[in-house]
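So the chains spell out like this:
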Amino acid sequence: MTKTAKSPKTTSCDIAIVGAGPAGLSLARALKESGLDILMLESSSENELKNPKPDGRDIALTHLSRQLMTELGLWQKLPKNEINPLREARVINGTSPYFLHFEKPDAPDATLGWLVPNYLIRKAAYECVKPCKNVNLRANSKVALTRTDSEGATITLENGEIITAKLAVAADTRFSQTRRQVGIATRMRDFGRSVIVCRMKHELSHEDIAYECFIDEQTLAILPLFGKNCSVVVTLPSYEAAQLQAMSPRAFAAYIEERFQHRVGKMTLTGERVLYPLVAAYADRFYAERLALVGDAAVGMHPVTAHGYNFGLRGAVDLAQRIAKAHEAGEDIGATPLLAAYSRQHRKVTRPLYLATNGLVEIYTKDHLPARLLRRGLLHLGNALPPVKRLLMNQLTELSAA
Ligand SMILES: Cc1cc2nc3c(=O)[nH]c(=O)nc-3n(C[C@H](O)[C@H](O)[C@H](O)COP(=O)(O)OP(=O)(O)OC[C@H]3O[C@@H](n4cnc5c(N)ncnc54)[C@H](O)[C@@H]3O)c2cc1C
């Protein structure tokens, strides 16, 4: 007698979000009042979502991000002593004493932005989404395959379960498998370099000043944290990054101290050194039939201009508003014109800085003469032309968008 195969379990929802990282969670939270039935699929465990481990990243947040995070309730969940204001930023070329200078805007208590650890953003976003009655957040649910057509999306989990949705959203990292499966081509830029991030303490005050130093083929960012602590971000060729990560904590600290020209005195390593490969990604479009890309799946930025999550959050909120409006009007939430409009707007917001960031990395990490002359010229131009500086400031702080 032949056994009849059991048909796989099938679940239906309005929106299926693949990936519960900061972007996917922000989208789900932004759809809280929409009345739509949302299923979030995440490969990590519930415990990893609830108690994410520090991952070395401190995220610089813009004014617009703070506003959006406050509206979503994320900001209020961040521990106050982990929200570090950025009052001034200096861009330094090599060992030159000259620097491009960004001061805080002219208002009492104003800042350029804030630094917050990435794992605390993840934790805050999880805590905001978990109580949402319309969101079913499923941990340990790795997506194996996503297909879409004019009717909707069909998602197969690794355990064989099938999810059907009117709209799927890919928020599954810059290496998004979902994006590839639905046929969205993506320009990936592998810089052949890696970034090491860690926390250090130091002898002298940093005075809430962020430094971005371009030295030889390296970039070194020293970002101010509470007290005499800082977040260190070093980008360098991958083989050197591995060597730097393997150094003893004392040798590593001495190396950073020397590279930073002893500006904050003696430095000591206080956290783990975490290494990330530097690969940027920009999808050719941010939608397919009944599918949208958000977060790094749409735009994976080089961290030097500190905009990955800022863009991810902005895009997620924009998409959520379009979906909620369509639903309220009784329209199709997965209609192509809606998704295409989101894609157009998010490209308009992200493309200039994405291209400028990659260009900047090119100019500031090459050591030939034209690049050296160009970077020196750019710093002087930035300081000498207030409109250029204002434009840069607005792009980096998103003050005028807030
Ligand atoms: C060193 C460094 C410094 C940075 N600094 C800044 C900064 O200062 N400012 C800033 O704005 N941004 C910064 N960023 C960028 C920021 O961290 C990212 O943009 C942001 O974390 C991306 O969020 P995301 O939700 O799109 O993706 P991720 O955080 O990558 O989350 C994706 C989620 O999808 C899940 N997933 C993947 N595949 C599947 C699957 N098949 N099934 C189910 N789940 C899946 C993963 O488990 C993960 O939880 C920095 C990044 C780095 C590396």
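Residue numbers restart at each chain and count upward from 1, following the sequence in its written direction. At least 70 in pLDDT is required for a residue's local features to be given in this predicted model, at least 80 for side-chain atom pairs to be given and counted, and no such filter applies to totals for whole chains, interfaces and linings, which use all residues. The basis for every side-chain value is the complete set of heavy atoms in the structure, and neither hydrogens nor water enter the calculation.

Engineer: Account for the sheet that holds strand E7 (residues 113–117), with residues named and values stated.
Structural biologist: At least two bridges found by DSSP between two strands is the condition for calling them paired. A run of H or I in DSSP becomes a helix once it reaches four residues, and a run of E becomes a strand once it reaches two; helices and strands are each numbered from the N terminus. In space, the three strands of this open sheet follow the order E3-E7-E4, with antiparallel pairing throughout. Of all strands in the sheet, those bounded by a partner on one side alone are strand E3 (58–61) and strand E4 (84–86). Taking each pair of neighbouring strands and ignoring which way they run, the sheet shows an average axis angle of 30 degrees. Structural elements are reduced to axes, namely lines fitted to C-alpha atoms, with helices fitted over the stretch in contact, and the angle between N-to-C directions of any two is expressed from 0 to 180 degrees.

Engineer: So what's going on with the side chain of Arg 347? Which residues, and what values?
Structural biologist: Mapped onto the fold, Arg 347 is located in helix H9 (residues 336–364). When residues no more than four places from it in sequence are discounted, the contact partners of Arg 347 are Tyr 282, Ala 283, Asp 284, Arg 285, Phe 286 and Pro 352. Residue contacts are defined here by distance: any two heavy atoms, one from each residue, within 4.5 Å place the two residues in contact.

Engineer: I'd like a description of the packing of aromatic side chains, backed by residues and values.
Structural biologist: Here is the rule: rings of Phe, Tyr and Trp (six-membered ring for Trp) pair when centre to centre is within 6.5 Å. Planes less than 30 degrees apart are stacked, more than 60 are edge-to-face, and the remainder are tilted. Taken as a whole and judged by the stated rule, the model has four aromatic pairs. Arranged with centres 4.7 Å apart and planes meeting at 40 degrees, the rings of Tyr 282 and Tyr 354 form a pair that is tilted. Of this pair, Tyr 282 sits in strand E17 (residues 274–283) while Tyr 354 sits in helix H9; the two residues are 72 residues apart in sequence, bridging distant segments of the chain. Only protein chains enter the accessibility calculation, which uses a 1.4 Å probe; a residue is then buried when its area is under 20% of its type maximum, exposed when over 50%, and partly exposed in between. Residue Tyr 282 is classed as buried on the basis of its relative accessible area, which comes to 2%. The class for Tyr 354 is buried, based on a relative accessible area of 5%. Grouping aromatic residues by their ring pairs yields a cluster made of Tyr 282, Phe 286 and Tyr 354. In our convention, an over-ring charge means Lys NZ or Arg CZ found within 6 Å of a ring centre and within 35 degrees of that ring's normal. The lysine or arginine in question, Arg 285, covers the ring of Tyr 287, its NZ or CZ lying 5.8 Å from the ring centre. Here Arg 347 stacks its cationic end above the ring of Phe 286, 4.8 Å away from the centre of that ring.

Engineer: How would you explain helix H3 (residues 63–72) if you had to name every residue and give the values?
Structural biologist: Taken residue by residue, H3 has His 63, Leu 64, Ser 65, Leu 68, Met 69 and Leu 72 as its buried positions. Note on H3: the residue one or two positions beyond its end, Gly 73, has a positive phi of about 90 degrees.

Engineer: Lay out the site of the ligand in plain terms, naming residues and giving numbers.
Structural biologist: The environment of the ligand is made up of 30 residues, and the closest members are Glu 42, Arg 57, Ala 60, Asp 296 and Tyr 309. Any N or O atom pair separated by 3.5 Å or less is treated as a polar contact, with the protein-specific requirement of one donor-capable and one acceptor-capable atom, and with residues adjacent in sequence counted only for side-chain atom pairs. One of the backbone N or O atoms of Ser 43 is found 3.2 Å from a nitrogen atom in the ligand. Residue-level accessible areas treat just the shown protein chains as cover; the underlying method is Shrake-Rupley with a 1.4 Å probe. Look at the ligand: alone it shows 1000 Å² of surface, and the protein chains cover 90% of it. Those elements that place two or more of their residues in the shell around the ligand are helix H1 (22–30), E3 and helix H8 (308–328). Think of it as three bins: nonpolar holds Ala, Val, Leu, Ile, Met, Phe, Trp, Tyr, Cys and Pro, charged holds Asp, Glu, Lys and Arg, and polar takes everything else, Gly as well. Classifying every residue of the shell around the ligand gives 13 nonpolar, 10 polar and seven charged. The criterion for a residue being near a molecule or strand is simple. One of its heavy atoms has to lie within 4 Å of it.

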